[in-house]
Amino acid sequence: MTVRTAELAMALICALCSIGLMVKSAELNIGWVEGRGPGAGAWPFWLSAGMLAASLLTLWRWHKRRTAESRSTALYLSRENALVVGISAGSILFLLVATHLIGLYAALFLFLLFYLKFVGRHSWPLTAVLTVALPVFIFCLFEWALKIPLPKSVTEPLFYPIYDLMYS
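Residues numbered from 1 in each chain as written. Predicted model: local features only at pLDDT ≥ 70, side-chain atom pairs only at ≥ 80, totals over all residues. Heavy atoms only, no water.

**Quick look at the domain arrangement of the protein**
At step 1: Splitting the protein by domain gives domain 1 (3-71) and domain 2 (79-167).
At step 2: Computed over C-alpha atoms only, the centres of domain 1 and domain 2 are separated by 33 Å. (Domains from an automatic or database assignment.)

In structure tokens:
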């Protein structure tokens, strides 16, 4: 795939997604609600309309060959970059599946360990600090500060002592 073809494909995909989001948003009130402000669908509708406008502008510029990308016949993605993208997508898929099976915090720990050490090739000290610190930060932010529980699955009993400290 060339850079020119990739630009066309992304502009078309974004335009179609924008139209779909606008249709779904229009199922809600997108107008002004007297005494309350904008309706529930207003923000997503107009944001999608802006994305559609940007996609149409990109398509027009592609058609007129106004940008370097719209004229480029260079290879869009090398084999090495495609491998990194594939590994990244697979890692994120693992994170999603593992979140359901073992909970977010354990899944995030494993994801960060793999991604930082083996994909990013960071040092062990940095990997260890971030692998522990980020799940702890996310726990403190969501569970403690915002009172929004995140999925823990089979690891839920491990959090009981922390809950006792938090809520006693």
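**Here's the deal with the environment of Ser70**
At step 1: For Ser70, the position within the fold is in helix H3 (residues 68-71).
At step 2: When its relative accessible area of 0% is taken as the criterion, Ser70 is described as buried.
At step 3: In this structure the C-alpha to C-alpha distance between Ser70 and Ala6, which are 64 residues apart in sequence, comes to 9.3 Å.
At step 4: Not counting residues up to four positions away in its chain, the partners in contact with Ser70 are Arg4, Glu7, Arg61, Trp62 and Arg65. (Helix = DSSP H or I, 4+ residues; strand = E, 2+ residues; numbered from the N terminus. Buried < 20%, exposed > 50% of the residue type's maximum accessible area, 1.4 Å probe, protein only. Contact = heavy atoms within 4.5 Å.)

**Here we look at the packing of helix H4 (residues 79-102) against helix H5 (residues 104-119)**
At step 1: Running from amino to carboxyl end, H4 crosses H5 at an angle of 160°, the nearest separation of the two axes being 7 Å. Here H4 lies roughly antiparallel to H5, going by the angle between them. In this structure, the crossing between H4 and H5 has a hand that is right-handed. Across the interface between the two elements, Ile87, Ser88, Ser91, Ile92, Phe94, Leu95, Ala98, Thr99 and Ile102 from H4 touch Leu104, Ala106, Ala107, Leu108, Leu110, Phe111, Phe114, Tyr115 and Val119 from H5.
At step 2: Of the residues contributing to the contact of H4 with H5, the split by class is 15 nonpolar, three polar and no charged. (Axes fitted to C-alpha atoms, helices over the stretch in contact; angles between N-to-C directions. Parallel < 35°, antiparallel > 145°, perpendicular 65-115°, else oblique. Left-handed = near helix turned anticlockwise from the far one by under 90°. Nonpolar A, V, L, I, M, F, W, Y, C, P; charged D, E, K, R; others polar.)

**Digging into a nonpolar patch on the surface**
At step 1: Together, Leu83, Ile87, Phe114, Phe118 and Trp124 make up a nonpolar patch on the protein surface, roughly 530 Å² of accessible area in all.
At step 2: Put simply, the parts of the chain that give the nonpolar patch at least two residues each are H4 and H5.
At step 3: A relative accessible area of 55% means that Leu83 is categorised as exposed. (Patch = residues over 30% accessible without salt bridge, like charges linked within 9 Å, V, L, I, M, F, W, Y side chains within 5 Å. Areas by Shrake-Rupley, 256 points an atom, 1.4 Å probe, with all protein chains shown as cover. Salt bridge = Lys/Arg side-chain N within 4 Å of Asp/Glu carboxyl O.)

**Notes on the pattern of salt bridges**
At step 1: As enumerated under the stated definition, the model contains two salt bridges in all.
At step 2: With its nearest N and O atoms 3.1 Å apart, the salt bridge here joins Glu27 to Lys24. Both residues of the pair, Glu27 and Lys24, count as exposed.
At step 3: Residue Glu143 pairs with Lys152 through a salt bridge whose shortest N-O separation is 2.9 Å. Lys152 carries the same exposure label as Glu143, and that label is buried.

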